[in-house]
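In case you want the letters, here they are:
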Amino acid sequence: QVQLVESGGGLVQPGGSLRLSCAASGIAFSSYTMGWYHQAPGNQREVVATITRSGNTNYTESVKGRFTISRDNPKNTVYLQMNSLKPEDTAVYYCNARCPFNSRWNYWGQGTQVTVSS
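This structure is a prediction, so every number in the text was calculated from the model and none was measured.

Q: What's the story with the pattern of salt bridges in this structure? I'm lost.
A: Charged atoms that come close allow side chains of opposite charge to pair. Scanning the model with the defined rule gives 2 salt bridges in all. A salt bridge links glutamate 61 to lysine 64; the shortest N-O distance between them is 3.1 Å. Under the relative-accessibility criterion, glutamate 61 is labelled exposed at 59%. Since its relative accessible area comes to 46%, lysine 64 is described here as partly exposed. In this structure, aspartate 89 and arginine 66 form a salt bridge, with 2.8 Å as the shortest nitrogen-oxygen distance. Taken together, the residues aspartate 89 in the loop between strand 8 (77-82) and strand 9 (91-98) and arginine 66 in the loop between strand 6 (57-59) and strand 7 (67-72) connect sequence positions 23 residues apart. A relative accessible area of 3% means that aspartate 89 is categorised as buried. Here arginine 66 falls in the buried class, since its relative accessible area comes to 10%.

In structure tokens:
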């Protein structure tokens, strides 16, 4: 059974930082492209950042220079370090695991709320 469990969300003031974690089980973690997505109320789910099995990263334009995605393969965990947070970063953040060899193997976590407000 595949499980992606996110943690680390919460309420933070503008300019603050949070670190999200996603612990994966039931998959060959090191082979998967891992990603973080967010979804604000009334909006579609959008990609925030991805990291391939070789460590190549990509970021959506709005978070470049502020967010950093990383992975720890021995711990089956992917992280999203979020700095200089803005109110517009407020959303539910979802962890995603996607197998580059089989598009059917695409999994989601339950999401964690991030609220940026003073």
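Q: Got a minute to help me understand unusual backbone geometry in this structure?
A: Phi at asparagine 76 is positive, roughly 50°, even though this residue is not glycine. Mapped onto the elements of the fold, asparagine 76 is located in the loop between strand 7 and strand 8. Under the relative-accessibility criterion, asparagine 76 is labelled partly exposed at 26%. Backbone geometry at serine 84 places phi at a positive 50°, although glycine is not the residue there. Relative to the assigned elements, serine 84 resides in the loop between strand 8 and strand 9. Serine 84 gets classed as partly exposed once you look at its relative accessible area, which sits at 41%.

Procedures and definitions
The residue count restarts for each chain, going from 1 along the sequence in the order it is written. In view of the model being predicted, local features appear only for residues whose pLDDT reaches at least 70, and side-chain atom pairs are presented and counted only at 80 or more, with totals across whole chains, interfaces and linings using the full set of residues. Side-chain measures here rest on the full set of heavy atoms in the structure, leaving out hydrogens and waters. Salt bridges, as used here, are contacts in which a Lys or Arg side-chain nitrogen is within 4 Å of a carboxyl oxygen on Asp or Glu. Buried means the residue's accessible area, taken with a 1.4 Å probe over protein chains only, is under 20% of the maximum for its type, while exposed means over 50%, and partly exposed covers the values in between. The secondary structure listing takes helices from DSSP runs of H or I that are at least 4 residues long and strands from runs of E that are at least 2 residues long, numbered from the N terminus.

That is the geometry; function is a separate question.
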